[in-house]
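Coordinate analysis (summary)
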Amino acid sequence: MSKHGSGKPGLPRALAASALAAALVLSGCTAGQNGRSGASGTAADNGSDRDENRVYLNTAAAEPAVITGSDAEAALAASQTLFQSSPVAVVAPEGDAAAIEAAAAEAGPAGVPLLLAGDGLEAELQRLGVRQVKTFGAPAGAAGAAEWESVLGGVGILAPEQPLDEVAGTEEASPYSVLLDEDARKELPATMAVLQAAGVRTHVDAAADPRAAPETVDFLRAEPEHNVLAIGGDFGNTAQFAARTETALTAAELPGGGMLAFPTRRMVALYGHPSGPALGALGEQDVEAAIARAKKLAGEYKNLSDEPVIPAFEIIATVATGSAGEDGDYSSATDIDLLRTWVDAAGEAGVYVVLDLQPGRTDFLTQAKAYEELLKEPHVGLALDPEWRLQDGERHMEQIGSVTAAEINEVSDWLARLTRGNSLPQKVLILHQFQLRMISNREQLETGHDELAVVIHADGHGGPGQKMETWSALRQDLPDDVWMGWKNFYDEDTPMFSPEKTYGDVKPAPWFVSYQ
């Protein structure tokens with residue numbers, strides 16, 4: 001047989017077709033004698049120019065899809081997805097590991113589907129236009145292999161000694177790239193045989209998310225015109241997988257590779273404002289020196305983490321002020337062109353950037369929208385600092401600000417839409433907090449946006465005991481799908497945690513660490 005990607009020599013097509021025809025005659029069933037016209041897409045439905053002794057693959061463009069279920073269900077679905085027609089198939093009983101292993105060893109290299117006995121088997125044989133099957137083992141409850149006749153709906157059975165490599169297999173290249181979760185290879189042997197028979201490209205995606213690992217992104221982008229199929233229950237539903245696949249194929253990667261913020265990396269950031277040192281460590285030097293400092297800081301954590309540690313900036317974009325200002329919001333917005341200088345330099349250097357908002361009496365969403373241009377950059381996330389969110393009549397430094405979960409949800413909804421609409425990688429959304437009252441109704445936070453990685457950032461300062469008490473309090477009743485962050489203060493912490501203590505004493509180790 002000639003089989004795309006099989007790596008083994010095959011018979012010339014004409015000789016193979018003759019061999020198959022001979023096999024059909026010897027078994028008492030000539031081509032077409034079973035009366036099957038085939039379902040839509042079979043050789044019988046596609047005109048006389050189709051060779052009824054060849055295997056034909058589905059080559060039409062298709063949306064990304066997920067196949068789940070038992071091995072019988074997944075093999076059936078894979079056959080329906082990948083094969084248009086096949087004159088021969090292999091069948092085995094579900095649950096008979098030895099029979100399935102033997103069947104897979106013949107079906108995969110031969111380029112014909114392997115199906116397991118169960119619901120849908122007879123219908124799939126008819127759809128494919130199968131005229132002969134080769135059986136392995138015996139169907140459940142049967143006394144012997146002869147009982148297959150009652151399961152197969154009248155399809156002829158090849159003799160056990162009939163070699164499948166005499167079947168005229170497909171000469172097409174399958175237009176599919178298939179992602180497998182970690183369990184698929186060992187738990188779905190029949191399904192794996194169907195994939196082998198179709199000659200598809202396969203890649204094990206341990207994260208079961210095509211955005212996560214650079215290796216998965218590279219695999220998909222190597223053949224971007226291919227249809228994408230996922231096999232395994234860890235990939236989620238089809239709609240979710242389709243959106244993630246689109247991101248993996250089109251979005252820029254984050255610093256360090258991939259499109260998920262966590263858990264494929266950790267981040268260590270300099271915090272402050274470009275204007276100078278008064279607002280944090282970031283402003284103690286110019287942008288190039290800040291990049292070098294952030295990289296050095298991240299490097300101090302490298303050997304303490306199983307994940308890569310990426311340097312980052314957390315830049316205060318709107319600064320809380322003591323006076324109301326012309327607009328009365330007690331917040332001063334930094335010129336976007338100044339921020340652009342830092343954002344662009346950071347991006348070129350592989351440094352992630354988070355824009356921090358201290359909104360005063362205005363709301364977070366209004367201020368976030370003012371920086372939409374920068375937030376459309378793939379390496380730029382957002383931080384909300386409720387300490388500086390004032391209510392009417394309040395003033396900075398007279399009380400600690402607060403924000404409702406509803407206001408934060410407005411921002412996360414908007415940021416998720418922005419990310420999705422611009423084919424961007426996942427964005428970090430940091431929520432600063434050192435008192436529970438700073439975010440009211442925290443349990444109502446919407447943290448399930450697939451486009452966002454929500455971080456609760458413990459940014460209280462003081463002695464080790466105070467900081468750990470804050471950490472423990474913030475982790476109580478933590479909403480689902482939240483990552484934890486930590487801030488080290490050069491001047492206010494007594495003493496400041498070393499990298500070893502930050503990752504060793506703080507448990508679980510924080511995913512985002514900033515230095516002020």
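Quick caveat, the model's predicted, so the values are computed rather than measured.

1. Thoughts on the overall build of the protein
- Helices and strands together make up the secondary structure of the protein, namely 16 helices and 21 strands.
- Buried positions account for 54% of the 516 residues belonging to the protein.
- A sequence separation of at least 24 residues applies to 77% of the contacts in the protein between residues at least 6 apart.
- With an accessible surface of roughly 20,800 Å², the protein has 48% of that area assigned to carbon and sulfur atoms.

2. Considering the nonpolar core
- Counting 60 residues, the largest nonpolar core has V268, L270, F313, L355, L382, L384 and L431 as the members making the most contacts within it.
- Filtering out sequence-adjacent residues up to four positions away, L384 remains in contact with L357, F364, I408, V411, L429, I430, L431 and H432.
- With 53 residues, the next largest nonpolar core counts A103, L115, L121 and A198 among its residues.

3. Topic: a negative patch on the surface
- Taken together, E182, D183, E187 and D234 make up a surface patch of like negative charges.
- Looking at the secondary structure, you find E187 in helix 6 (residues 184–187).
- Using a relative accessible area of 48% as the deciding quantity, one classes E187 as partly exposed.

4. Here we look at the sheet that holds strand 2 (residues 65–67)
- The strand order across the open sheet formed by four strands is 2-10-8-9, and the pairing between neighbours is parallel. Looking at which strands have only one partner, the edges of the open sheet turn out to be strand 2 and strand 9 (201–204). Ignoring strand direction, the axes of neighbouring strands in this sheet form an average angle of 25 degrees.
- Bridging between strand 8 (residues 176–180) and strand 9 involves four bridges; their strand directions are parallel.

5. Regarding the packing of helix 2 (residues 71–82) against helix 4 (residues 121–128)
- Interhelical geometry of helix 2 versus helix 4 gives an angle of 15 degrees and a closest axis separation of 11 Å. Between helix 2 and helix 4, the angle is such that the two are roughly parallel. The way helix 2 lies across helix 4 gives a crossing that is left-handed. Side by side, helix 2 and helix 4 meet where L76, S79 and Q80 of the first sit next to E124, R127 and L128 of the second.
- Its residues placed into classes, the contact of helix 2 with helix 4 shows two nonpolar, two polar and two charged.

6. A short note on the packing of helix 8 (residues 214–222) against helix 9 (residues 238–250)
- Packing of helix 8 against helix 9 brings their axes to within 9 Å, and their N-to-C directions diverge by 80 degrees. In this view, helix 8 runs roughly perpendicular relative to helix 9, as classed from their interaxial angle. Taken together, the residues of helix 9 that come into contact with helix 8 (itself represented by V217, L220 and R221) are T247, A248, L249 and T250.
- Across the contact of helix 8 with helix 9, the residue classes break down as four nonpolar, two polar and one charged.

7. Quick look at the packing of aromatic side chains
- One pass over the structure, following the stated rule, counts nine aromatic pairs.
- The interplanar angle of 50 degrees and the centroid separation of 6.1 Å between the aromatic rings of F262 and W511 together place this pair among those described as tilted. Of this pair, F262 sits in the loop between helix 9 and strand 11 (266–272) while W511 sits in the loop between helix 16 (499–504) and strand 21 (512–515), and the two are 249 residues apart along the sequence. Take F262 and W511: they sit in the same class, and that class is buried.
- For the cation-ring pair, R266 lies above W511, with the distance from its terminal atom to the ring centre recorded as 3.7 Å.
- The ring of F497 has K501 sitting right over it, with the charged end atom 5.4 Å from the ring centre.

8. Topic: helix 9
- Between its first and last C-alpha atoms helix 9 spans 18 Å; for 13 residues at 1.5 Å apiece the expected length is 18 Å, and the two agree.
- Burial in helix 9 covers these residues: F241, R244, T245, T247 and A248. When helix 9 is viewed along its axis, its buried side chains cluster within an angular range of 160 degrees and face the same direction.
- For helix 9, the elements touching its buried residues are strand 2, strand 8, helix 8 and strand 10 (227–231).
- Structurally, the start of helix 9 carries an N-cap: the backbone nitrogen of A239 is 3.2 Å from a side-chain oxygen of N237.

9. Topic: the side chain of T334
- Take T334: it is sitting in the loop between strand 13 (331–333) and helix 11 (336–348).
- Among residues more than four places away in sequence, those in contact with T334 are H273, I316, A317, L339 and Y371.

10. Looking at the environment of D505
- By the element assignment, D505 lies in the loop between helix 16 and strand 21.
- The contacts of D505, once residues within four sequence positions are left out, are M468, F497 and E500.

11. What about the sheet that holds strand 4 (residues 88–92)?
- What the four strands build is an open sheet, ordered 5-4-6-7; its pairing is parallel. Strands with a single pairing partner mark the edges of an open sheet, and in this sheet they are strand 5 (114–116) and strand 7 (156–157).
- Here strand 4 runs beside strand 5; their pairing, made up of three bridges, is parallel. Along strand 5, the bridge assignment pairs A92 with L116.

12. Brief notes about the confidence of the model for the protein
- Averaged over all residues, the pLDDT of the protein equals 89, while 88% of them reach at least 70.
- Confidence drops under a pLDDT of 50 for residues 1–47, and excluding neighbours within four residues, the segment shows 95 contacts in the predicted structure.

13. Quick notes on unusual backbone geometry
- Residue P263 is bonded to the preceding F262 through a cis peptide linkage, with omega at 5 degrees.
- Of note, P263 is situated in the loop between helix 9 and strand 11.
- Along the chain, T494 connects to P495 via a cis peptide bond; the corresponding omega equals -5 degrees.
- Mapped onto the fold, P495 is located in the loop between strand 20 (482–488) and helix 16.
- Positive phi, normally seen in glycine, also occurs at D477, with a value near 55 degrees.
- Along the chain, D477 falls in the loop between helix 15 (464–475) and strand 20.
- Relative accessible area serves as the criterion here: at 72%, D477 is assigned to the exposed category.
- With phi around 60 degrees, D481 is a residue other than glycine that occupies positive phi space.
- Checked against the element boundaries, D481 lands in the loop between helix 15 and strand 20.
- Take D481: its relative accessible area is 55%, and that puts it in the exposed class.

Rules of the game
- Residues numbered from 1 in each chain as written.
- Predicted model: local features only at pLDDT ≥ 70, side-chain atom pairs only at ≥ 80, totals over all residues.
- Heavy atoms only, no water.
- Helix = DSSP H or I, 4+ residues; strand = E, 2+ residues; numbered from the N terminus.
- Buried < 20%, exposed > 50% of the residue type's maximum accessible area, 1.4 Å probe, protein only.
- Contact = heavy atoms within 4.5 Å.
- Areas by Shrake-Rupley, 256 points an atom, 1.4 Å probe, with all protein chains shown as cover.
- Core = buried A, V, L, I, M, F, W, Y, C linked by side-chain atoms within 4.5 Å.
- Patch = residues over 30% accessible without salt bridge, like charges linked within 9 Å, V, L, I, M, F, W, Y side chains within 5 Å.
- Salt bridge = Lys/Arg side-chain N within 4 Å of Asp/Glu carboxyl O.
- Lys, Arg positive; Asp, Glu negative; His and termini not counted.
- Charge placed at Lys NZ, Arg CZ, Asp CG, Glu CD.
- Pairing = 2+ DSSP bridges.
- Axes fitted to C-alpha atoms, helices over the stretch in contact; angles between N-to-C directions.
- Parallel < 35°, antiparallel > 145°, perpendicular 65-115°, else oblique.
- Left-handed = near helix turned anticlockwise from the far one by under 90°.
- Nonpolar A, V, L, I, M, F, W, Y, C, P; charged D, E, K, R; others polar.
- Phe/Tyr/Trp six-rings, centres within 6.5 Å; stacked < 30°, edge-to-face > 60°.
- Lys NZ or Arg CZ within 6 Å of the ring centre and 35° of its normal.
- Expected span 1.5 Å × (residues − 1).
- Arc of directions from axis to C-beta.
- Polar contact = N/O pair within 3.5 Å; in protein donor to acceptor, adjacent residues only side chain to side chain.
- pLDDT = per-residue confidence, 0-100.

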